[in-house]
Amino acid sequence: MSINKIKKTKDFSLIYNKSKKMHTKYAIIFIKENINNEQRFGFVASKKTGNAVQRNRIKRIFKEFVKTHKDKFKKNTDYIFVGKSILKENIKTLKYKDIEKDISKVIK
């Protein structure tokens, strides 16, 4: 089951500026309805969240969460998952379950 990714900088900027924000312990989720009737997801981990290995791990965990819970997301909506800097200290000990529990609270 593949997920539609947001790739263009223009799209990211648009969503950042016109969306609702939800804060969890480990992530900020930007949510914006779109008109083209598809779910799209973006994954962001800035340098604040660690080195390249850690950033990629964070994005992989977010992607895994989206794949597993795809049915819980609204259809014609864009989502951007942004990793918070708290992940930097915790990423070595953090398990997928922790992030899953954290994000599941706000996705309904």
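This text follows the structure it describes.
Basis of the calculations
- Sequence order sets the numbering: in each chain, residues are counted from 1 along the sequence as written.
- The model is predicted, so local features are restricted to residues of pLDDT at least 70 and side-chain atom pairs to those at 80 or more, both for listing and for counting; the totals for chains, interfaces and linings are taken over all residues.
- Hydrogens and water molecules were not included; the side-chain quantities draw on all heavy atoms of the structure.
- Orientation is described by axes fitted as lines to C-alpha atoms, over the contacting stretch for helices, and by angles from 0 to 180 degrees between their N-to-C directions.
- Strands here mean DSSP runs of E at least two residues long; helices mean DSSP runs of H or I at least four residues long; both are numbered from the N terminus.
- Any angle from 65 to 115 degrees is called roughly perpendicular, while one under 35 is roughly parallel, one over 145 is roughly antiparallel, and all others are oblique.
- Should the near helix be turned anticlockwise from the far one by less than a right angle, the crossing is termed left-handed; should it be turned clockwise, right-handed.
- Contacts: residue pairs with any heavy atoms within 4.5 Å of one another.
- Here the nonpolar group is Ala, Val, Leu, Ile, Met, Phe, Trp, Tyr, Cys and Pro; Asp, Glu, Lys and Arg are the charged ones; every other residue, Gly included, is treated as polar.
- We define a nonpolar core as any set of buried Ala, Val, Leu, Ile, Met, Phe, Trp, Tyr and Cys residues linked to one another through side-chain atoms lying within 4.5 Å.
- Categorising residues by exposure relies on relative accessible area from a 1.4 Å probe, with only protein chains included: less than 20% of the type maximum marks a residue as buried, more than 50% marks it as exposed, and the intermediate range marks it as partly exposed.
- A pairing counts as a salt bridge when a side-chain nitrogen of Lys or Arg comes within 4 Å of a carboxyl oxygen of Asp or Glu.

**Structural notes on the packing of helix α2 (residues 52-68) against helix α4 (residues 96-104)**
The relative placement of two packed helices comes down to the angle between their axes together with the axis-to-axis distance.
Part 1 of the argument: Between α2 and α4, whose axes approach to 10 Å, the crossing angle comes to 60 degrees. Here α2 lies oblique to α4, going by the angle between them. Like other packed secondary-structure pairs, α2 and α4 cross with a definite hand, here right-handed. Counted together, Ile 61, Phe 62, Glu 64, Phe 65 and Thr 68 of α2 and Tyr 96, Ile 99, Glu 100, Ile 103 and Ser 104 of α4 form the full contact between these two elements.
Part 2 of the argument: Partitioned by chemical class, the residues of the contact of α2 with α4 number six nonpolar, two polar and two charged.

**As for the nonpolar core**
Part 1 of the argument: Counting 22 residues, the largest nonpolar core has Phe 41, Phe 62, Phe 73, Phe 81, Ile 99 and Ile 103 as its most contacted members.
Part 2 of the argument: Mapped onto this core, the elements with two or more residues apiece are β2 (27-33), β3 (40-44), α2, β4 (77-83) and α4.
Part 3 of the argument: Counting residues per element, this core draws most heavily on α2, at five residues.
Part 4 of the argument: In contact with Phe 81, other than residues within four places in its own chain, are Ile 28, Ile 29, Phe 41, Gly 42, Phe 43, Val 44, Phe 62, Phe 65, Val 66, Phe 73 and Ile 103.
Part 5 of the argument: In terms of nonpolar packing, the next biggest core, distinct from the first, is built from seven residues, Ile 6, Phe 12, Ile 15 and Phe 30 among them.

**Re the environment of Phe 43**
Part 1 of the argument: With respect to the helices and strands, the residue Phe 43 is situated in strand β3.
Part 2 of the argument: Judged by relative accessible area, which is 11%, Phe 43 ranks as buried.
Part 3 of the argument: Beyond its immediate stretch of four places on either side in the chain, Phe 43 contacts Ile 3, Lys 59, Phe 62, Lys 63, Val 66 and Phe 81.

**Some details on the pattern of salt bridges**
Where charged atoms from two side chains of opposite charge come close, those side chains can pair.
Part 1 of the argument: Per the counting criterion, the structure on display carries three salt bridges.
Part 2 of the argument: Here Asp 11 makes a salt bridge to Arg 40, at a shortest N to O gap of 3.2 Å. Pair noted here: Asp 11 is in helix α1 (residues 9-18) and Arg 40 is in strand β3, with a separation of 29 residues, a long-range link.
Part 3 of the argument: A relative accessible area of 15% places Asp 11 in the buried class.
Part 4 of the argument: Arg 40 serves as the salt-bridge partner of Asp 78, at 3.0 Å between the closest nitrogen and oxygen. With Asp 78 in strand β4 and Arg 40 in strand β3, this residue pair connects regions lying 38 residues apart in the sequence.
Part 5 of the argument: A residue is classified by how much of its surface remains accessible, and Asp 78, at 2% relative accessible area, is buried.

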